[in-house]
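# Residue-level structural notes
The residues making up each chain are set out below.
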Amino acid sequence: MYESLIQIHPETEEFIPCLASHWKIETDEKAGRQTFTFRINPKARWADGAAVTAEDVKASWWHRTQEDRKDPMTRMTYFEDYEEPVVVAKSVIQVTTKELNWRLFLYFGGMTIYPASECRIPGEKYLEEYNWKFWTGTGPYVMKPEDLKNGDSITLSRRNDWWGEKEDWGRNTYNFDRIKFTVVR
């Protein structure tokens, strides 16, 4: 249902595109930090057809750094290791690390991206409302409200309008029409 800026190729283990079509890593050895710049693929779309923007990436980072989400591990990862991301242009986001660490590119690039219009909400509302419903995603699957059986199962349906289907990294993948997750007690 959701995608990140980059992925790891399953065979070569190299970074490959996802929502980001290009990226750049700049290292400042003296300052002990790195700056990552990501350009979002202009074809990237939410399930509602809206374009994915750098503001969505910034809002996704913001969501993870808020104490009222009651997720201290995620907050620690994103709040303590990065400066606040900067929207350079509508489709360009830049973030600077607070230290040198090869994992930080993977963590930020692999962060699930949510729509800014939906994830910039108070933590109380997030914790109350989003246990049993989902934000709009960019991925090849969607969960329809009628396919959520509380305490029993969740069924995902393949989108026929997924933006990444014709991208090199998305071809011949996600071939199941429906995926059902069943709760086993």
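Residues numbered from 1 in each chain as written. Predicted model: local features only at pLDDT ≥ 70, side-chain atom pairs only at ≥ 80, totals over all residues. Heavy atoms only, no water.

## A short note on the pairing of strand E9 (residues 153-158)
Of all six residues that make up E9, five are buried, and the element is covered over most of its length. In this sheet, E9 lies alongside strand E7 (residues 141-142) in antiparallel orientation, the contact comprising two bridges. Each bridged residue has a counterpart across the sheet, and for Tyr141 the counterpart in E9 is Arg158. What sits between strand E8 (residues 148-149) and E9 in their antiparallel hairpin is a turn of three residues, with Gly151 showing a positive phi close to 75°. Strand direction decides the pairing type here: E9 and strand E10 (residues 178-182), joined by five bridges, are antiparallel. Residue Thr155 lies in a different strand from E10, and its bridge partner there is Lys180. (Buried < 20%, exposed > 50% of the residue type's maximum accessible area, 1.4 Å probe, protein only. Helix = DSSP H or I, 4+ residues; strand = E, 2+ residues; numbered from the N terminus. Pairing = 2+ DSSP bridges.)

## Brief notes about the side chain of Thr77
Here Thr77 lies in helix H2 (residues 72-81). In this structure Thr77 comes out as buried when scored by relative accessible area, which is 16%. In this structure Thr77 touches Tyr82 and Tyr107, once residues within four positions along its chain are discounted. (Contact = heavy atoms within 4.5 Å.)

## What to know about the nonpolar core
Ranked by size, the top nonpolar core spans 27 residues in total, and within it Leu5, Phe38, Val57, Tyr82 and Phe108 carry the most contacts. Put simply, the parts of the chain that give this core at least two residues each are strand E4 (33-40), helix H1 (54-65), strand E6 (92-96) and helix H3 (103-109). For Leu5, the residues in contact, after removing those within four places along its chain, are Pro17, Cys18, Leu19, Ala20, Phe38, Ile40, Val57, Phe108, Gly109, Met111 and Ile113. In this structure, Ala116, Ile121, Tyr130 and Trp135 belong to the second largest nonpolar core, which totals seven residues. (Core = buried A, V, L, I, M, F, W, Y, C linked by side-chain atoms within 4.5 Å.)

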